[in-house]
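Per-entry structural report
Okay, here's what each chain looks like letter by letter:
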Amino acid sequence: RMPRQIDLASGQFTAGVLHEHTTTVGMLTGLFADQAAWQALPAGTPLYTVAILPAPQQEGELLSGVTHLYPGRVGREFYMTRGHFHQRREQAEYYFGLRGRGLLLLQQAGQCVLEPLFPGSVHYIPPFTAHRLINPGSGTLSALAVWPATAGHDYQALQAQGFGVRIMADGDGWQAEVQHA
Ligand code: F6R
Ligand code: ZN
């Protein structure tokens, strides 16, 4: 039988799809530092699209999905995914960079680590580690993720404090701004 396929250059699944969901500016209340800049953007502005291959929601199953994070900023802050812990905190994940250049932000026990994401980069996200993609580049950032089907997403846990760093525009580049509680 034919396997599923992915176009490695674009990160698009060419067969076997799936479920697709786009997250827009209006869905991410309170996520970005600059509230006024967030309000000023049309609520329907797409931030990222996730395409997921189906798998049964059972112990031992794996989900696989590609995130396409578009380029742009809310004020000085670059577009990013909402970011989450897995509901099952002990469940890990792999990310693989496919297209564009960006950052993977990992946070465990309050400690932040930034890994550059680029075509061919391989990222292990350990258990108990919150994760978020950030796109400080000028093109779409695409990354393939593989995670346990039972992992689930806990967005709530990060709602109050958020992540410890924000990635802000700095001239032609970016800088990590440490957040103070
Ligand atoms: C799955 C995973 C990714 C993200 C996706 C969108 O465990 O880490 O598929 O779900 O990059 O980010 P969130 O879910 O944080 O909006
Ligand atoms: Zn995840």
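For the structure itself, look to the data block above.
Residues numbered from 1 in each chain as written. Chains lettered and ligands numbered in written order. Predicted model: local features only at pLDDT ≥ 70, side-chain atom pairs only at ≥ 80, totals over all residues. Heavy atoms only, no water.

1. So, the overall build of the protein
Assigned secondary structure in the protein consists of one helix and 15 strands. When contacts within the protein are restricted to residue pairs at least 6 apart in sequence, long-range pairs at least 24 apart make up 67% of them. For the protein, the exposed area adds up to about 9,300 Å²; of that, 54% sits on carbon and sulfur atoms. Taken together, the 11 basic and 13 acidic charged side chains of the protein have centroids lying 2 Å from each other. (Helix = DSSP H or I, 4+ residues; strand = E, 2+ residues; numbered from the N terminus. Contact = heavy atoms within 4.5 Å. Areas by Shrake-Rupley, 256 points an atom, 1.4 Å probe, with all protein chains shown as cover. Lys, Arg positive; Asp, Glu negative; His and termini not counted. Charge placed at Lys NZ, Arg CZ, Asp CG, Glu CD.)

2. Structural notes on the site of ligand 1
Lining the immediate surroundings of ligand 1 are 14 residues, of which Tyr48, Thr67, Gly83, Tyr95 and Tyr155 lie closest. Taking His84, its side chain carries an N or O atom lying 2.9 Å from an oxygen atom of ligand 1. Measuring from an oxygen atom of ligand 1, one finds a side-chain N or O atom of His131 at 3.3 Å. The fraction of the free accessible surface of ligand 1 (400 Å²) that becomes covered by protein chains is 95%. For ligand 1, the cavity whose grid points lie within 2 Å of the majority of its atoms is the largest pocket. Breaking the shell around ligand 1 down by element, the ones donating at least two residues are strand E4 (46-53) and strand E8 (93-99). Across the shell around ligand 1, the residue classes tally to five nonpolar, seven polar and two charged. (Near = heavy atom within 4 Å. Polar contact = N/O pair within 3.5 Å; in protein donor to acceptor, adjacent residues only side chain to side chain. 1 Å grid on protein atoms, 1.4 Å probe; cavity = no way out; pocket = protein on both sides within 12 Å on 5 of 7 lines; lining within 4 Å. Sits in = over half its atoms within 2 Å of the grid points. Nonpolar A, V, L, I, M, F, W, Y, C, P; charged D, E, K, R; others polar.)

3. Focus on the sheet that holds strand E12 (residues 130-134)
Sheets are built from strands that pair by backbone hydrogen bonding, the pairs being arranged parallel or antiparallel. Strand order in the open sheet made by the three strands is E10-E9-E12, with antiparallel pairing throughout. Where the open sheet ends on each side, the last strands, each with one partner, are strand E10 (111-117) and E12. On average, each strand axis in the sheet is inclined to that of its neighbour by 20°, with strand direction left out of account. Of the strand pairs in this sheet, strand E9 (residues 102-108) and E12 are connected by five bridges, and their pairing is antiparallel. Within the sheet, the bridge partner assigned to Gln107 lies in E12 and is Ala130. (Pairing = 2+ DSSP bridges. Axes fitted to C-alpha atoms, helices over the stretch in contact; angles between N-to-C directions.)

4. A few points about the coordination of the zinc ion (ligand 2)
Coordination sphere of the zinc ion (ligand 2), protein contribution only: His84 (NE2), His86 (NE2), Glu93 (OE) and His131 (NE2), at 2.1 to 2.3 Å. Coordination geometry of the zinc ion (ligand 2): the six donor atoms subtend angles of 73 to 174° at the metal centre, consistent with an arrangement described as octahedral. Donor residues for the zinc ion (ligand 2) sit on one chain with the sequence pattern H-x1-H-x6-E-x37-H. Residue Glu93 is found in strand E8, and its partner His131 is found in strand E12; the two are separated by 38 residues along the sequence. Both residues of the pair, Glu93 and His131, count as buried. (Donors = N, O, S within 2.8 Å, 3.2 Å for Na, K, Ca; no water. Tetrahedral: all angles 85-135°; square planar, octahedral: opposite > 155°, others 65-115°. Buried < 20%, exposed > 50% of the residue type's maximum accessible area, 1.4 Å probe, protein only.)

5. Notes on the layout of surface pockets
Space inside the largest pocket adds up to approximately 420 Å³. As for the largest pocket, its lining consists of 20 residues, of which Tyr48, Val50, His84, His153 and Tyr155 are closest to the centre. For the lining of the largest pocket, the secondary structure elements donating two or more residues are strand E3 (19-24), E4, strand E5 (62-69), E8 and strand E13 (141-148). Estimates place the volume of the second largest pocket at around 280 Å³. Partitioning the lining of the second largest pocket into residue classes produces six nonpolar, seven polar and three charged. (Points joined across faces, edges and corners; volume = space filled by probe spheres on them.)

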